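Architecture at a glance
Single-letter residue listing:
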Amino acid sequence: MNQVSPILIAQITDTHLFASENHKMLGMPTIQSFQAVVDRLKELKSEVDLLLLTGDLSGDGNPQSYDNLQTLLNPLQIPAYWLPGNHDCAIAMEDILNMGMVSRRKSFVRGGWNFILLDSSVPGCLHGHLSGKTLDWLDSELKFLGNYPTLVALHHPPFPVNSAWLDSTTLKNPQEFFAVLDRHPQVKLVLFGHIHQEFQRQRHQVEYLSTPSTGLQFRSKSPTLIIDSKYPGFRLLKLYPNGMWETSVERVPYFHPLELAAKVS
């Protein structure tokens, strides 16, 4: 049997691109900060096997914002897969983010690993919820795909993250999600975004990881929205066919003066 090489995944999340390239998020020109991440990925291009984009890719849900995203990703020529977040328009994403190397597939196999991408967004709401239909699909995919190591991704964290303002917008039915995962021990990793910061927690031998935004960073363990001065970033994951994995967060030295005292109204 031929030994399958490990694969390298880059998780990109919370890009918050807008229809207008001049639009800023609390002072952050998100298209420029994302370009800095893309430039770093270009340097790693020969090593990175695929990109996982875990939601809030748009800041306004405008179709043009997804055209902008597609334009920025195209030069990388790396296969990319995505899922929606609470700021996204899933219909526009389906329509636009399916050209070139960008795929709308939500279940695929690569490097001896299964990948399953879930939609936890609720139209018009900040919080997340996994519908019964989505959970049934997850369960059936896990049965069908068998015992290969598996990575599941969604936008919303299934745990509180010790920030009161964010914890009101997490996944609202985590126990139903966990109940499915608990039946399938091949699940090794769950990736999410939404919280614009690093977070890591283990539950029942599954590691749950969140990743910094490619734009603004939220200060961790803060009861209100406070912008952190940390650089934009993304996560790299090296996945081995035996189910082992390694991960690190990379940050790009992109600085722009921000509204650092921003609070939630």
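Computed from a predicted structure; not experimentally measured.

Bringing unusual backbone geometry into the picture now. Despite not being glycine, Asp56 has its phi angle at roughly 50 degrees, a positive value. Here Asp56 lies in the loop between strand E2 (50-54) and helix H2 (63-73). The exposure class assigned to Asp56 is buried, which follows from its relative accessible area of 2%. One non-glycine residue, Asn162, lies in positive phi territory at about 65 degrees. As for its placement among the helices and strands, Asn162 is situated in the loop between strand E7 (150-153) and helix H5 (164-167). A relative accessible area of 54% places Asn162 in the exposed class.

Here we come to the sheet that holds strand E9 (residues 199-203). An order of E5-E6-E7-E8-E10-E9 is seen for the six strands of this open sheet, with the pairing classed as mixed. Only two strands of the sheet have a single neighbouring strand rather than two, namely strand E5 (107-110) and E9. Neighbouring strand axes in the sheet, compared pairwise and without regard to direction, differ in orientation by 20 degrees on average. Here four bridges tie E7 to strand E8 (residues 187-192), and the two strands are oriented parallel to one another. Along E8, the bridge assignment pairs Leu151 with Leu189. The sheet strands contacting helix H4 (residues 132-145) are E5, strand E6 (113-117), E7 and E8, and the helix crosses E6 at an angle near 170 degrees.

Time to look at the UniProt feature "domain: Calcineurin-like phosphoesterase" (unreviewed entry) in the chain. Mapped onto this numbering, the UniProt entry annotates "domain: Calcineurin-like phosphoesterase" (unreviewed entry) at residues 9-197. Its end C-alpha atoms 18 Å apart, residues 9-197 is made of 31% helix and 18% strand.

This next bit is on H4. Between the first and last C-alpha of H4 there are 20 Å, a value that for 14 residues agrees with the 20 Å anticipated at 1.5 Å per step. Looking at H4, one finds that the buried residues are Thr134, Leu135, Leu138, Asp139, Glu141, Leu142 and Leu145. Taken around the axis of H4, the buried residues stretch over an arc of 165 degrees, which confines them to a single face. Facing away from the buried surface of H4 by more than 90 degrees, the exposed residues are Lys133, Asp136, Lys143 and Phe144. Those residues of H4 hidden inside the fold are in contact with E5, E6, E7, helix H6 (174-182) and E8.

Definitions and cut-offs
- Residues numbered from 1 in each chain as written.
- Predicted model: local features only at pLDDT ≥ 70, side-chain atom pairs only at ≥ 80, totals over all residues.
- Heavy atoms only, no water.
- Helix = DSSP H or I, 4+ residues; strand = E, 2+ residues; numbered from the N terminus.
- Buried < 20%, exposed > 50% of the residue type's maximum accessible area, 1.4 Å probe, protein only.
- Pairing = 2+ DSSP bridges.
- Axes fitted to C-alpha atoms, helices over the stretch in contact; angles between N-to-C directions.
- Contact = heavy atoms within 4.5 Å.
- UniProt positions renumbered as here; feature names shortened; annotations may be inferred.
- Expected span 1.5 Å × (residues − 1).
- Arc of directions from axis to C-beta.

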